[in-house]
Amino acid sequence: MKANGEEMKNMTGHTPGPWTVYHDDEGVEIRGNDDLMGVIINGNEMDANAQLIAAAPEMYAVLVDLIEQVEAYDRLHGPNSCPISPDAARAAIAKAELD
């Protein structure tokens, strides 16, 4: 994981959001900045999976912001004083990064 939130925002390596879901006769496409990101063909959970994938850039940004807020709170009030731990957010971000 990157050293701080600003580096995380600038070093993701993914196509910037928003990503959008488009439906056609064969399934759904996920596009970001007019680039094809992925195709989901049929399946019971097709729409739900496509929406989840398309929301990934926004969820990533929210997790980065959450970590920054927890770290700022801890700087003001002492280490580990925030009732919310950023560990799960850090782990999710690490899974999304290429490193």
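Residues numbered from 1 in each chain as written. Predicted model: local features only at pLDDT ≥ 70, side-chain atom pairs only at ≥ 80, totals over all residues. Heavy atoms only, no water.

S.K.: Can you explain helix H2 (residues 46-54)? Please cite residues and give values.
M.R.: Burial in H2 covers these residues: Met46, Ala50 and Ala54. Projected onto a plane normal to the axis of H2, the buried residues spread over an arc of 60° and lie on a single side. Among the exposed residues of H2, those pointing more than 90 degrees away from its buried face are Ala48 and Leu52. At its buried positions, H2 is contacted by strand S1 (19-24), strand S2 (27-32), strand S3 (35-40) and helix H3 (56-77). (Buried < 20%, exposed > 50% of the residue type's maximum accessible area, 1.4 Å probe, protein only. Helix = DSSP H or I, 4+ residues; strand = E, 2+ residues; numbered from the N terminus. Arc of directions from axis to C-beta. Contact = heavy atoms within 4.5 Å.)

S.K.: Break down the side chain of aspartate 74 for me, with residues and values.
M.R.: Inspection of the secondary structure puts aspartate 74 in helix H3. The side chain of aspartate 74 sits in the buried core without any salt bridge; arginine 90 is the nearest counter-charge, 6.9 Å away. Once residues within four sequence positions are removed from consideration, aspartate 74 is found in contact with Pro79, Asn80, Ser81 and Cys82. (Lys, Arg positive; Asp, Glu negative; His and termini not counted. Salt bridge = Lys/Arg side-chain N within 4 Å of Asp/Glu carboxyl O.)

S.K.: So what's going on with the nonpolar core? Residues and values would help.
M.R.: Counting eight residues, the largest nonpolar core is built from Trp19, Val21, Val28, Ile30, Ile40, Met46, Ala50 and Ala54. Among the elements of the structure, S1, S2 and H2 are those that each provide at least two residues to this core. With three residues, H2 is the single largest residue contributor to this core. Ignoring any residue separated from it by four or fewer positions in sequence, one finds methionine 46 in contact with Gly27, Val28, Ile40 and Ile41. Core analysis: the next-biggest nonpolar cluster, separate from the first, contains five residues, Tyr60, Val64, Ile67 and Ala89 among them. (Core = buried A, V, L, I, M, F, W, Y, C linked by side-chain atoms within 4.5 Å.)

S.K.: Which residues make up the environment of alanine 50, and what values do they have?
M.R.: In this fold, alanine 50 is placed in helix H2. Of the residues examined, alanine 50 reaches a relative accessible area of 0% and is grouped as buried. Along the chain, alanine 50 and glycine 38 lie twelve residues apart, while their C-alpha atoms are 8.8 Å from each other. Every residue in contact with alanine 50, bar those within four places of it in the chain, is listed here: Val21, Val28, Ile30 and Ile40.

S.K.: Please provide a residue-by-residue account of the packing of H2 against H3, values included.
M.R.: It is the contact of H2 with H3, at a shortest axis distance of 5 Å, that shows an interaxial angle of 45°. Compared by their axis directions, H2 and H3 come out oblique. When H2 is examined against H3, the residues Leu52, Ile53 and Ala54 are found in contact with a partner set consisting of Ala56, Pro57, Glu58 and Met59. Classifying every residue of the contact of H2 with H3 by side-chain character gives six nonpolar, no polar and one charged. (Axes fitted to C-alpha atoms, helices over the stretch in contact; angles between N-to-C directions. Parallel < 35°, antiparallel > 145°, perpendicular 65-115°, else oblique. Nonpolar A, V, L, I, M, F, W, Y, C, P; charged D, E, K, R; others polar.)

S.K.: How would you explain the sheet that holds S3 if you had to name every residue and give the values?
M.R.: The strand order S1-S2-S3 describes an open sheet built from three strands, whose pairing is antiparallel. Whereas interior strands pair on both sides, the edge strands pair on one side only; in this sheet they are S1 and S3. Sheet twist, expressed as the mean angle between neighbouring strand axes with direction ignored, is 25°. Relative to S2, S1 is paired through six bridges, and the arrangement is antiparallel. Bridging across to S2, tyrosine 22 finds its partner in glutamate 29. (Pairing = 2+ DSSP bridges.)

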